[in-house]
Amino acid sequence: MCLFSILLFKKIWSDSAFAKLPTYGIHGKDEKRPSILISHTDMNFQKSSSGTEEIDIYQKMNVTNDNIFLSVRLSEILVLPTTFPLRIGDTLRIRIRLFGTDGKPVSTGGDFLRVWLKETKIKANVNGYVLDHRNGSYTGVLLLPWKGRPEVIVSVANSRHHISLIMKYVNEHGLLQMMASQFIDPSGRYKEETQCSPKHDAILKGCTLADRCNLTKQNYGLPWFCCKPKSTFVTCKDMKTVKANKTSMISDLTRHISTYKKHQRFSSFKIQVKERIGYPEYLPSPPRPCQERMPKATWNDITPVGYYFKNTWINRKCTLGTSRPDTCLDNKRFVVLGDSNSRSVYSIFCSKTKSKTLTDHYTKEKPWHKLLMARNIKRNIDLMWAPHNPPFYVGPHQPLDTMRSVGNWLDRTPHDKPIIVIIHLYYHLTRTTLSVFRALVKDARAGVDRLLRRAPDSTVIIQGPHSITYKDSLEPLDYIRRRHEDIWFQEFMGIHNKVFYIDNWDRTVGNENVDAHPPTNTMTDVTDEMLSYICRDVV
């Protein structure tokens, strides 16, 4: 039996004994609503000793059209006992019992559920977390941080069928969508494009295992394998560019489940939350300034790390600095690495520092994931953004000298002033295997180690995954996000006390982010938290 464990570094607290449950009304009427029942049993939970889910159980599943799938309509929500009335600061727990389309209860775990609160009228939302009891039942846990009548929303984000189909495909092909490299002879006259993968034994159209170029060295030590060019004028040494074909050989069943059978919502219901003495409207941030937080604490934050109230992010771990002097960013070198969502952070820092752009702005008609640089000469501030190396999904062919590994970019960074490093490895890497993602994180760790040895005054920040619910994003992101966070945690063991980790999941689940790029205000909130860690010398 596979143990579907809780994320290694997410702390789970146990329930206390509850008073007898009084009459509790579920607001609203919906004949199609799944059963919402009241449970009179107490629950106690313990943190799992394991930090990762066993991917083998998904690989061994045989998902076909004949399978019995989940039915949100037939599944049940049970409100677990608590004291009433509910007040600000209380915790609401609900039991979710999954049923299949055949009307029978599901008896296995491994489905990934979400639970969150929102109250649209006051622009408030908060993410919760879900415990998998591995028998088809789950417990959702929600902090109640504001006074009002919020909706309780539950969804099946990724079914085990969805996870199995995508992860099995990626294990066979190395990538969810195809990528290619272009080989160009020294004269530039002869060119040939072949299919590539970061997995050495992946299924590649056009070649067998014996007919492949090992281009790991050219990819800065990270795995990259391509079909050998057939032309006699070019060789493996002539690989110059990479591109994304954005095509896939996934089956119709896989595409259907990955498109239409994710983020399936139960019918929501409302609760009443009353004020508490000392907290008439909402739970404020704790008084301790974020500038005083030690890096290690950021790796052990529990959900929710914060919530939105009246469209303002309320940090639940510390108070963000609001009186930082403008000079706290002076005489700094910013190195922002990753994908377009780290590029958003770079752009916000450019705006905050009033830095002048030194490089051409990107355009989508030309290779645009390239090095960007900006500078404020008067304040001695330098900024750069650069993309990570393949697998990185670019449209037109792009040279590898613009897509280097994190370690290579860090090694090239001059230490002429304190360095601020922000690393975000995420969405492009959700389309490949977990072992490939781990290889890139290992490279980042090695690069950070080398940087801290030669530039110990550096500040390093890891920007964590964010929620994406866009229909055409086929990846089971809730499952992959958890595994990515596990890998970051494991590979950076030993330097948690030197590196900050920014959790961006709670912000983007609670506000129901859809697109691959969260809105500017969300990314500004992320950047403000980073600023509190960067400006620690002004406490």
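This structure is a prediction, so every number in the text was calculated from the model and none was measured.

Draft legend 1. View of the overall build of the protein. From N to C terminus, the protein includes ten helices and 25 strands. Looking at the 539 residues of the protein, the share that counts as buried comes to 58%. Long-range contacts, defined here as pairs at least 24 residues apart, represent 79% of the contacts in the protein between residues at least 6 apart. For the protein, the computed accessible surface area is about 22800 Å², with 50% contributed by carbon and sulfur atoms.

Draft legend 2. Broad picture of the pairing of strand β7 (residues 137-143). Judged by how many residues are buried, β7 sits mostly within the fold: seven of seven residues are covered. A two-sided burial pattern is seen for β7, the buried positions comprising S137, T139, V141 and L143 on one face and Y138, G140 and L142 on the other. With four bridges joining them, strand β6 (residues 129-132) and β7 adopt antiparallel strand pairing. Bridging from a neighbouring strand, Y129 pairs with V141 of β7. Linking two consecutive strands that pair antiparallel, namely β6 and β7, is a turn of four residues; a positive phi of about 65° is found at R134 within it.

Draft legend 3. Broad picture of the sheet that holds strand β23 (residues 419-423). Taken together, seven strands build an open sheet; the order of strands is β19-β20-β21-β18-β23-β24-β25 and the sheet is mixed. Each end of this open sheet is capped by a strand with a single partner; those strands are β19 (356-357) and β25 (499-502). Pairing of strand β24 (residues 459-463) with β25 involves four bridges; the strand directions are parallel. Counterpart to Q463 in the pairing with β25 is I502.

Draft legend 4. Quick look at the environment of F112. Tracing the sequence through the fold places F112 in strand β4 (residues 112-119). As for F112 and P476, which are separated by 364 residues in sequence, their C-alpha atoms are 9.1 Å apart.

Draft legend 5. Structural detail: the nonpolar core. In terms of nonpolar packing, the biggest core is built from 44 residues, with L425, V448, W488 and F492 touching the most fellow members. In terms of residue count, the dominant contributor to this core is helix α7 (residues 434-454) (nine residues). Here F492 is in contact with W299, V441, A444, R445, V448, I462 and V499, once residues within four sequence places are set aside. Formed by 33 residues, the second largest nonpolar core is a distinct cluster that contains V79, L144, F266 and I314.

Draft legend 6. Representation of the packing of helix α5 (residues 340-353) against helix α10 (residues 520-534) within the structure. Across the interface, α5 lies against α10 with an axial gap of 10 Å and an inter-helix angle of 70°. Regarding the angle of α5 to α10, the classification is roughly perpendicular. Once α5 is placed against α10, the crossing between them reads as right-handed. For the pair α5 and α10, contact is made by N341, S344, V345, I348, F349 and K352 and by T520, M523, T524, T527, D528, M530, L531 and I534, respectively.

Draft legend 7. Fine view of the confidence of the model for the protein. Per-residue confidence for the protein gives a mean pLDDT of 88; residues scoring 70 or more make up 87%. Across residues 1-35 the pLDDT falls below 50, and counting only partners more than four positions away or on other chains, this stretch makes 108 contacts in the model. With pLDDT under 50 throughout, residues 38-53 is counted as low confidence; its partners more than four residues away or in other chains account for 52 contacts.

Draft legend 8. Seen up close, the environment of Y282. Looking at the secondary structure, you find Y282 in the loop between β15 (269-270) and α4 (295-298). The sequence separation of Y282 and G148 amounts to 134 residues, and the corresponding C-alpha distance is 9.5 Å. Every residue in contact with Y282, bar those within four places of it in the chain, is listed here: I88, P145, W146, Y307, F309 and I314.

Draft legend 9. Representation of the sheet that holds strand β9 (residues 179-184) in the model. The strand order across the open sheet built from six strands is β11-β12-β10-β9-β13-β22, with neighbouring strands paired in antiparallel fashion. Bordering the open sheet on either side are β11 (212-214) and β22 (398-399), each of which pairs with just one other strand. The sheet contact formed by β9 and strand β13 (residues 239-244) spans five bridges and is antiparallel. Opposite Q182, over in β13, you have T241 as the bridge partner.

Draft legend 10. Representation of helix α8 (residues 477-491) within the structure. The end-to-end C-alpha separation of α8 is 20 Å, in line with the 21 Å expected for 15 residues at 1.5 Å each. Within α8, 14 of the 15 residues are buried, which leaves it mostly tucked inside the rest of the structure.

Draft legend 11. How the structure looks around the environment of M179. Within the secondary structure, M179 is located in strand β9. M179 gets classed as buried once you look at its relative accessible area, which sits at 0%. Along the sequence, M179 and K246 sit 67 residues apart, while their C-alpha atoms lie 7.2 Å from each other. Once residues within four sequence positions are removed from consideration, M179 is found in contact with T194, Q195, C196, W224, K243, A244, N245, P391, F392 and Y393.

Draft legend 12. Quick peek at the packing of aromatic side chains. Tallying each qualifying case throughout the model produces 14 aromatic pairs. Measuring from centroid to centroid gives 5.0 Å for W299 and Y501, while their planes differ by 40°, and the two rings are tilted. Placement of W299 in the loop between α4 and β16 (306-309) and of Y501 in strand β25 is noted, with a sequence separation of 202 residues between them. Using a relative accessible area of 0% as the deciding quantity, one classes W299 as buried. Ring centres of F500 and Y533 lie 4.4 Å apart, and the angle between their planes is 5°; on these two criteria the pair is classed as stacked. One end of the pair, F500, is in strand β25; the other, Y533, is in helix α10, and 33 residues separate them in sequence. Grouping aromatic residues by their ring pairs yields a cluster made of W299, F437, W488, F489, F492 and Y501. The ring of W385 has R343 sitting right over it, with the charged end atom 5.4 Å from the ring centre.

Draft legend 13. Unusual backbone geometry, seen in detail. Residue P304 is reached from T303 by a cis peptide bond, and omega for that bond is 0°. Turning to its location among the elements, P304 is positioned in the loop between α4 and β16. Cis geometry is found at the peptide bond from P390 to P391, where omega equals 10°. Mapped onto the secondary structure, P391 falls in the loop between β21 (381-387) and β22. Within the chain, N331 stands out as a residue other than glycine whose phi angle is a positive 60°. Looking at where N331 falls in the secondary structure, it is placed in the loop between β17 (312-315) and β18 (333-338). At N380, a position not held by glycine, the phi torsion is positive, near 55°. Its place among the elements puts N380 in the loop between β20 (372-376) and β21.

Reading the values: the criteria
Chains are numbered independently. Their residues run from 1 in the order of the written sequence. Local features in this predicted model are restricted to residues of pLDDT 70 or higher, and side-chain atom pairs are both shown and tallied only at a pLDDT of 80 or more, whereas totals for entire chains, interfaces and linings draw on every residue. To obtain the side-chain values, all non-hydrogen atoms of the structure were included, while hydrogens and water were left out. The helix count covers DSSP runs of H or I at least four residues long, the strand count covers runs of E at least two residues long, and both are numbered beginning at the N terminus. Think of it in three bands: residues with accessible area under 20% of the maximum for their type are buried, residues over 50% are exposed, and the middle band is partly exposed, with areas taken using a 1.4 Å probe on protein chains only. Every residue pair with non-hydrogen atoms within 4.5 Å of one another is taken to be in contact. Accessible surface is estimated by sampling points in the Shrake-Rupley manner with a 1.4 Å probe; for residues, cover comes only from the protein chains shown. If DSSP finds at least two bridges between two strands, the strands pair. Nonpolar cores are built from buried Ala, Val, Leu, Ile, Met, Phe, Trp, Tyr and Cys residues. Side-chain atoms within 4.5 Å join them into one set. Axis definition: a line fit to C-alpha positions, over the contact stretch in the case of helices; interaxial angles, taken between N-to-C directions, run 0 to 180 degrees. Angular relationships are summarised with four words: roughly parallel below 35 degrees, roughly antiparallel beyond 145, roughly perpendicular across 65 to 115, and oblique for the angles in between. Crossing handedness is read from the near helix: turned anticlockwise from the far helix by less than a right angle, it gives a left-handed crossing, and turned clockwise, a right-handed one. Each residue carries a pLDDT value, the predictor's own confidence for that position, ranging from 0 to 100. By this rule, a helix spans an expected 1.5 Å times one less than how many residues it contains. The criterion for an aromatic pair is that two Phe, Tyr or Trp rings (for Trp, the six-membered ring) have centres within 6.5 Å, with stacked assigned to planes under 30 degrees apart, edge-to-face to planes over 60 apart and tilted to the rest. Charge over a ring is defined by NZ of Lys or CZ of Arg lying within 6 Å of the ring centre and within 35 degrees of the ring normal.

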